[in-house]
Amino acid sequence: DSGVTQTPKHLITATGQRVTLRCSPRSGDLSVYWYQQSLDQGLQFLIQYYNGEERAKGNILERFSAQQFPDLHSELNLSSLELGDSALYFCASSAGTGLLANEKLFFGSGTQLSVL
Amino acid sequence: AQKVTQAQTEISVVEKEDVTLDCVYETRDTTYYLFWYKQPPSGELVFLIRRNSFDEQNEISGRYSWNFQKSTSSFNFTITASQVVDSAVYFCALSSLGNKLVFGAGTILRVKS
């Protein structure tokens, strides 16, 4: 058990809808990362937050947004969903700021999103 | 741009066989870190090892060993005497300053009893 909690484990929704994925980092970790795993794109970095502030952005669509709250949990909001958004969304946390390249990321078990 | 290539999409072995998972990376940075993660059927990504670009010593941890060769930009992972519980998807990943973790496509390892 990595200590990173993601809810829900599975989510089934329809195109055009909006969903929110939730992540609680390991105790003490200040950085939260979101990754998307799909069959065609593999594991891709979406966005990182450190202590409530956005620190880095990857291949995140404009329809997607995230935030990290004062209690350090994070939410990833996906809107106007399309079939291609179906994927496994991972949250990871680390103890550092995310500026150093050597940080070990601890991953949650993911949220499987199915858009029908 | 950073890139990680895991050319082996899927490998099947019989229990107790040794198996090597290949990883080739590309980066222009002189300081970087290489990682291996395991994704068992449960779905969670589990950290296995981290190696920095200045440390080319091979590492052994139980049945696992890693061979890092800068000359060939490779960071290969060997499982000795494989077991059914080793069945998983294994990801090689690369990060450097200012760049977030970039993953390879993963190698599916199936160990049959």
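Up top is the structure.
Residues numbered from 1 in each chain as written. Chains lettered and ligands numbered in written order. Predicted model: local features only at pLDDT ≥ 70, side-chain atom pairs only at ≥ 80, totals over all residues. Heavy atoms only, no water.

## Quick word on the layout of surface pockets
For the largest pocket, the calculated volume is near 680 Å³. Lining the largest pocket are 31 residues, and of these A:Gln37, A:Ser38, A:Gln41, A:Gly42 and A:Leu43 sit closest to its centre. Going through the elements one at a time, β4 (31-38), β5 (42-50) and β9 (87-94) of chain A together with β10 (88-96), β11 (99-103) and β12 (107-112) of chain B are the ones with two or more residues in the lining of the largest pocket. Tallied by class, residues from the lining of the largest pocket come to 13 nonpolar, 15 polar and 3 charged. (1 Å grid on protein atoms, 1.4 Å probe; cavity = no way out; pocket = protein on both sides within 12 Å on 5 of 7 lines; lining within 4 Å. Points joined across faces, edges and corners; volume = space filled by probe spheres on them. Helix = DSSP H or I, 4+ residues; strand = E, 2+ residues; numbered from the N terminus. Nonpolar A, V, L, I, M, F, W, Y, C, P; charged D, E, K, R; others polar.)

## Digging into the packing of aromatic side chains
All told, the structure shown has 20 aromatic pairs over all chains when counted by the stated rule. Taking the centre distance of 6.4 Å and the plane angle of 70° together, the rings of B:Phe35 and B:Phe47 count as edge-to-face. Separated by 12 residues along the polypeptide, B:Phe35 in strand β5 (residues 32-39) and B:Phe47 in strand β6 (residues 46-52) bring together distant segments of the chain. When the ring of B:Tyr64 is compared with that of B:Phe77, the centres are 5.1 Å apart and the planes differ by 90°; the resulting orientation is edge-to-face. Here B:Tyr64 is found in strand β8 (residues 64-69), whereas its partner B:Phe77 is found in strand β9 (residues 74-79), with 13 residues between them in sequence. The class of B:Tyr64 is buried, set by a relative accessible area of 15%. A relative accessible area of 0% places B:Phe77 in the buried class. Grouped by ring-pair contacts, the aromatic residues A:Tyr35, A:Phe45, A:Phe90, A:Phe107, B:Phe35, B:Tyr37, B:Phe47, B:Phe91 and B:Phe103 constitute a single cluster. (Phe/Tyr/Trp six-rings, centres within 6.5 Å; stacked < 30°, edge-to-face > 60°. Buried < 20%, exposed > 50% of the residue type's maximum accessible area, 1.4 Å probe, protein only.)

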